[in-house]
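# Structure assessment
The primary structure of each chain is shown beneath.
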Amino acid sequence: METSIIKSQAYGKDRVRVVRVVRHADGWQEIADYSVCILLSGAAFESSYTKGDNKLVVATDSQKNTVYYLAKTLPADRVMVPEVFATEVAAFMVKKYSHVTTCHVKIITKPWERMKFDNKGHPHSFYREGKETRWTEAFVTRAQAGLSVKMNSGFYDLEVLKTTNSSFTDFWRDELTTLPDMPDRVLSTKVLCQWTFVSDDLDTLQKTPFDTIYAGAKRNTLDALANDPRAWVHASVQTTLYIMADRILNDFAAVDDVYYALPNIHYFPFDLSKFGLKNLQADAEVYMPIADPSGYITATVSRPAKGKL
Ligand SMILES: O=c1[nH]c(=O)c2[nH]c(=O)[nH]c2[nH]1
């Protein structure tokens, strides 16, 4: 007799590749390109794991079909913003199948940039610019008063580098320390940034300016790194991270907290003293990028709890 119990389960279809094109009457066209992961869970599915009973199992093939069905039948503005489409798909599943407790939908986007000629956007031709990837995930759960939603959005693989105005000095020193103070250094990282949303109400959440927040998070990330005028911000990756997140929280009330993971991809000045050449500290011009290991600086930043303000 089986004695083990299911502690958690979720099943569905991953990497559902769907492209939606919107064709306007004047010839202007838009594109959204997604890889969707859709997962269902609920106590009713336990017997499919433990008893070979498939009666309530909505086939993952049908879940994949639903993504294409909704991409075609929803109004375009419900599809073209990934956060809105994720909540639409998840809410559809929870409403349609009464034995589904939670539907988790994650969307990884492939951002196509509109081609520009003579500063004018081309009506129907696009190219892939940056390497960074926008993604979002929605968890829609059946609740007493309707549906409740939790959402994260973010981007990863935004590669940045600055050649000065970054330092790391005055850190803990002991017998295991070999790193010299670095009053001026090359700083490079591959940014992962993600944020959660305040609201758990589906209708309120769907009205969030998701595209504006995405653009603002990216702009603040770049601007804090390159331009923040406060000298202490550039004292370490930790300080830069905190300012990036603080700016996003100040700009967007709909955002609840912000998480960054910033690998510190080291570029060390190459010691050329054997050849009679000065290339260290203030003389550094030639660097050796180090693939591994990298530093790895992370934090989740939020507003102070209410009452502590
Ligand atoms: O910005 C930095 N933070 C650190 O914690 C650290 N540690 C290190 O060796 N280099 C750096 N740089």
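Provided above is the structure to which this section pertains.
Residues numbered from 1 in each chain as written. Predicted model: local features only at pLDDT ≥ 70, side-chain atom pairs only at ≥ 80, totals over all residues. Heavy atoms only, no water.

The environment of the ligand is made up of Phe168, Leu179, Arg185, Ser236, Val237, Gln238 and Asn264. One of the side-chain N or O atoms of Asn264 is found 3.3 Å from a nitrogen atom in the ligand. For the ligand, whose accessible area on its own is 290 Å², the fraction buried by protein is 73%. Tallied by class, the residues present in the shell around the ligand amount to three nonpolar, three polar and one charged. (Near = heavy atom within 4 Å. Polar contact = N/O pair within 3.5 Å; in protein donor to acceptor, adjacent residues only side chain to side chain. Areas by Shrake-Rupley, 256 points an atom, 1.4 Å probe, with all protein chains shown as cover. Nonpolar A, V, L, I, M, F, W, Y, C, P; charged D, E, K, R; others polar.)

Moving on, we come to the pattern of salt bridges. Under the definition given, this model contains 13 salt bridges. For Asp251, the salt bridge is made with Arg219, and the minimal N-O distance between the two is 3.7 Å. Of this pair, Asp251 sits in helix 7 (residues 237–251) while Arg219 sits in helix 6 (residues 210–227), and the two are 32 residues apart along the sequence. Overall, Asp251 belongs to the partly exposed group, its relative accessible area being 41%. A salt bridge links Arg247 to Asp223, with the nearest nitrogen and oxygen atoms 2.7 Å apart. Here Asp223 lies in helix 6 and Arg247 lies in helix 7, a separation of 24 residues in the sequence. A residue is classified by how much of its surface remains accessible, and Arg247, at 17% relative accessible area, is buried. Through salt bridges with shared partners, a single ionic network connects Asp223, Asp228, Arg230 and Arg247. (Salt bridge = Lys/Arg side-chain N within 4 Å of Asp/Glu carboxyl O. Helix = DSSP H or I, 4+ residues; strand = E, 2+ residues; numbered from the N terminus. Buried < 20%, exposed > 50% of the residue type's maximum accessible area, 1.4 Å probe, protein only.)

Turning to a nonpolar patch on the surface, a few remarks are in order. Together, Phe270, Val286 and Met288 make up an exposed nonpolar region whose accessible area comes to about 250 Å². Relative to the elements of secondary structure, Val286 occurs in the loop between strand 10 (267–269) and strand 11 (287–289). (Patch = residues over 30% accessible without salt bridge, like charges linked within 9 Å, V, L, I, M, F, W, Y side chains within 5 Å.)

Okay, the environment of Cys103 next. Tracing the chain through its elements places Cys103 in strand 3 (residues 102–109). C-alpha separation for the pair Cys103 and Ala253, spaced 150 residues apart in sequence, amounts to 26 Å. The contacts of Cys103, once residues within four sequence positions are left out, are Ile38, Leu39, Leu40, Ala90, Met93, Val94, Ala138, Phe139 and Val140. (Contact = heavy atoms within 4.5 Å.)

Moving on, we get to the packing of helix 6 against helix 7. Packing of helix 6 against helix 7 brings their axes to within 9 Å, and their N-to-C directions diverge by 140°. Overall, the two elements helix 6 and helix 7 adopt an arrangement that is oblique. Relative to helix 7, the crossing made by helix 6 is right-handed. Counted together, Ala217, Arg219, Asn220, Thr221, Asp223, Ala224 and Leu225 of helix 6 and Thr240, Ile243, Met244, Arg247, Ile248 and Asp251 of helix 7 form the full contact between these two elements. (Axes fitted to C-alpha atoms, helices over the stretch in contact; angles between N-to-C directions. Parallel < 35°, antiparallel > 145°, perpendicular 65-115°, else oblique. Left-handed = near helix turned anticlockwise from the far one by under 90°.)

As summarised here, the arrangement of the eight strands in space is 1-2-3-6-7-8-9-12, forming an open sheet in which the pairing is antiparallel. Strand pairing shows two members of the sheet lacking a second neighbour, strand 1 (11–23) and strand 12 (295–302), which therefore form its edges. Averaged over all adjacent pairs, the angle separating strand axes in this sheet is 15°, with direction ignored. When strand 1 meets strand 2 (residues 29–41), the two strands line up antiparallel, connected through 11 bridges. What sits directly across from Val18, in strand 2, is Tyr34. Its contacts with the sheet put helix 7 on strand 8 (187–197), strand 9 (255–264) and strand 12, and the angle it makes with strand 9 is roughly 155°. (Pairing = 2+ DSSP bridges.)

The subject of this paragraph is the nonpolar core. In terms of nonpolar packing, the biggest core is built from 67 residues, with Phe85, Val105, Trp195, Val258 and Tyr260 touching the most fellow members. In this view, Tyr260 contacts Val191, Leu192, Cys193, Ala217, Thr221, Leu241, Met244, Ala245, Ile248, Ile297, Thr298 and Ala299; residues no more than four positions away in its chain are not counted. (Core = buried A, V, L, I, M, F, W, Y, C linked by side-chain atoms within 4.5 Å.)

Turning next to the packing of helix 2 (residues 60–73) against helix 4 (residues 82–96). The geometry of helix 2 relative to helix 4 is characterised by a closest axis approach of 11 Å and an angle of 125° between their N-to-C directions. Looking at the two axes, helix 2 sits oblique to helix 4. For the pair helix 2 and helix 4, the crossing hand works out as right-handed. Where helix 2 abuts helix 4, its residues Gln63, Thr66, Val67, Tyr69, Leu70 and Ala71 lie against Phe85, Glu88, Val89, Phe92 and Met93. A class-by-class count of the residues in the contact of helix 2 with helix 4 yields eight nonpolar, two polar and one charged.

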